Amino acid sequence: MTFSEIKAGDTQLQKELLLIALWTPDDEADHSPEVLELPHIKAYYENWGREGDIGFFAMSPDSTPMGVVQARYKSSQTKAYSDYPEVAIAIHPNYRGQGVASALMEQLIKSIPSGLRLGVHPKKYVCNQAV
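Quick notes on the rules
Residues numbered from 1 in each chain as written. Predicted model: local features only at pLDDT ≥ 70, side-chain atom pairs only at ≥ 80, totals over all residues. Heavy atoms only, no water. Buried < 20%, exposed > 50% of the residue type's maximum accessible area, 1.4 Å probe, protein only. Helix = DSSP H or I, 4+ residues; strand = E, 2+ residues; numbered from the N terminus. Pairing = 2+ DSSP bridges. Polar contact = N/O pair within 3.5 Å; in protein donor to acceptor, adjacent residues only side chain to side chain. Contact = heavy atoms within 4.5 Å. Expected span 1.5 Å × (residues − 1). Arc of directions from axis to C-beta. Salt bridge = Lys/Arg side-chain N within 4 Å of Asp/Glu carboxyl O.

An unreviewed UniProt entry annotates the protein chain as N-acetyltransferase domain-containing protein originating from Vibrio maritimus.

Structure below.
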């Protein structure tokens, strides 16, 4: 596995993998690609290359995209963490369970000067658990 940094011209691949990252509650239909054009989703990729944007693709030995991880400063509903970039991560289903996510997160953490935040869908089970 190798890593390549996300560049401004990588938007299509970035969008394909970010669609995988969008969690869907059991009581909702899977997301269609059109959801990527909603303003709150476009905030993850539109005009990539702004100050603070950092992200990587994991590539297989035959140059097939395995996954993506990225961090970007964007609006936050949680003010306590709004000073941190939000992380997004997606692993193609063919490569799950092979350490790709761990390797991508390690690469991101080595490259980022601050903490990170993770946005989670309010219907996600973990959001409803006491900490």
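Now that the structure has been shown, the text picks up again.
*Asks:* So what exactly am I meant to see when it comes to the pairing of strand 4 (residues 86-91) here?
*Replies:* If a strand is regular, its side chains alternate between the two faces of the sheet. Most of strand 4 is tucked away, with 5 of its 6 residues classed as buried. With 6 bridges connecting them, strand 3 (residues 65-72) and strand 4 associate as antiparallel partners. Bridge pairing links Ala-71 to Val-87 in strand 4.

*Asks:* What is the right way to read the side chain of Gln-70 from this model?
*Replies:* Relative to the assigned elements, Gln-70 resides in strand 3. Gln-70 gets classed as buried once you look at its relative accessible area, which sits at 1%. Engagement of the side chain of Gln-70 in a polar contact is seen with the backbone oxygen of Tyr-44, the distance being 2.6 Å. When residues no more than four places from it in sequence are discounted, the contact partners of Gln-70 are Ile-6, Gln-14, Leu-18, Tyr-44, Trp-48, Ile-54, Gly-55, Glu-86, Val-87, Ala-88 and Leu-108.

*Asks:* How should I be thinking about helix 3 (residues 100-111) in this particular structure?
*Replies:* Each turn of an α-helix holds 3.6 residues, which means side chains three or four residues apart point in the same direction. Given a rise of 1.5 Å per residue, 12 residues ought to cover 16 Å, and the 17 Å separating the end C-alpha atoms of helix 3 matches this to within 8%. The set of residues buried in helix 3 consists of Val-100, Ala-103, Leu-104, Gln-107 and Leu-108. Angularly, the buried residues of helix 3 cover 135° about the axis, an arc narrow enough to put them on a single face. Residues of helix 3 that are exposed and point over 90 degrees away from its buried face: Glu-106, Ile-109 and Lys-110.

*Asks:* Looking at this structure, I do not really get the pattern of salt bridges. What am I missing?
*Replies:* In a structure, side chains of opposite charge can pair up when their charged atoms sit close to one another. Considering all chains together, one arrives at 4 salt bridges under this definition. We note a salt bridge from Glu-37 to Lys-15, for which the minimum N-O separation is 2.8 Å. On the criterion of sequence distance, the pair formed by Glu-37 in the loop between helix 1 (11-21) and helix 2 (39-42) and Lys-15 in helix 1 is long-range, its members being 22 residues apart. Put simply, Asp-53 and Arg-72 hold a salt bridge, and the shortest N to O gap is 2.9 Å. Here the residue Asp-53 occupies a position in the loop between helix 2 and strand 2 (54-59), and Arg-72 occupies one in strand 3, the gap between them amounting to 19 residues. Given a relative accessible area of 12%, Asp-53 falls into the buried group. Three or more residues joined by partner-sharing salt bridges are found here, namely Lys-15, Glu-37, Lys-42 and Glu-46.

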